[in-house]
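# Architecture at a glance
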Amino acid sequence: NDAPGPPHEALSTRELEVLRRVASGKTIKEIAQQMQLSEKTVATYRRRVSEKTGLSSNVELTRYAMQHRLVD
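No experiment lies behind these values; they were computed from the predicted model shown.

Once that is clear, we can look at the packing of helix α1 (residues 13-23) against helix α2 (residues 28-35). Helix-helix packing: each pair is described by the crossing angle between the helix axes and the interaxial distance. Running from N to C, α1 and α2 cross one another at 130°; their axes reach a closest spacing of 10 Å. It follows from the interaxial angle that α1 and α2 lie oblique. Judged by the sense of rotation from one axis to the other, the crossing of α1 with α2 is right-handed. Together, Arg14, Glu17, Val18, Arg21 and Val22 of α1 and Ile31, Gln34 and Met35 of α2 make up the contact between the two elements. By residue class, the composition of the contact of α1 with α2 is four nonpolar, one polar and three charged.

Printed below as a string of C-alpha cells:
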C-alpha cells in the first residue's frame, strides 16, 4: 500500500469545488447558487469535506486550501 497523499486527494470533484469556494470566502448560499445546487446539498458536501480532511472551521479549511495551493 502506498503512503496516503494529502487528505484533499480523497475528495470528490464536487467536494473539492466546495472546499475551494469555502476557502474563497463564499457562503453555503452563494456556493449553492453558483453551482446550481440546493443549500442542503452544498452543506452535505461541506460536511464530507470536514470529515475527510479532519478540519471543521472555515478558517481551518481556508488555511488548508492555501497551504495546498487549491485557491488563488
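There is more to say, and it comes next.
Looking now at the nonpolar core. Among the nonpolar cores identified, the biggest contains 18 residues, and Val18, Leu19, Ile31, Leu61 and Leu70 are the most heavily contacted of them. Elements that contribute at least two residues to this core include exactly α1, α2, α3 (39-53) and α4 (58-67). It is α1 that contributes the most residues to this core, five residues altogether. Not counting the four nearest positions on each side in its chain, Leu70 is found in contact with His8, Leu16, Leu19, Arg20, Tyr64 and Ala65.

Examined against the element boundaries, Thr53 turns out to sit in helix α3. Note on Thr53: relative accessible area 12%, which makes it buried. Within the local environment of Thr53, its side chain forms a polar contact with the backbone nitrogen of Leu55, the two atoms lying 3.3 Å apart.

Turning to α2, a few remarks are in order. Three or more residues of α2 are buried, namely Ile31, Ala32 and Met35. Projected onto a plane normal to the axis of α2, the buried residues spread over an arc of 100° and lie on a single side. If you follow the buried residues of α2, they end up packed against α1 and α3. Of the residues one or two after α2, Gln36 is the one with positive phi, at around 55°.

Counted under the stated rule, the structure contains four salt bridges. Among the salt bridges present, the one from Glu17 reaches Arg21, with a minimum N-O distance of 2.6 Å. Residue Glu17 and its partner Arg21 are located together in helix α1, separated by four residues, close to a single helical turn. Here Glu51 makes a salt bridge to Arg47, at a shortest N to O gap of 3.6 Å. Taken together, the residues Glu51 and Arg47, both in helix α3 and four residues apart, mark about one turn of the helix. We classify Glu51 as exposed; its relative accessible area is 57%. For Arg47, a relative accessible area of 47% puts it in the partly exposed group. In this structure, a network of salt bridges that share partners links the residues Glu15, Arg48 and Lys52.

So, how was this worked out
- Residues numbered from 1 in each chain as written.
- Predicted model: local features only at pLDDT ≥ 70, side-chain atom pairs only at ≥ 80, totals over all residues.
- Heavy atoms only, no water.
- Axes fitted to C-alpha atoms, helices over the stretch in contact; angles between N-to-C directions.
- Helix = DSSP H or I, 4+ residues; strand = E, 2+ residues; numbered from the N terminus.
- Parallel < 35°, antiparallel > 145°, perpendicular 65-115°, else oblique.
- Left-handed = near helix turned anticlockwise from the far one by under 90°.
- Contact = heavy atoms within 4.5 Å.
- Nonpolar A, V, L, I, M, F, W, Y, C, P; charged D, E, K, R; others polar.
- Core = buried A, V, L, I, M, F, W, Y, C linked by side-chain atoms within 4.5 Å.
- Buried < 20%, exposed > 50% of the residue type's maximum accessible area, 1.4 Å probe, protein only.
- Polar contact = N/O pair within 3.5 Å; in protein donor to acceptor, adjacent residues only side chain to side chain.
- Arc of directions from axis to C-beta.
- Salt bridge = Lys/Arg side-chain N within 4 Å of Asp/Glu carboxyl O.

Purely geometric stuff here, so don't read any function into it on its own.
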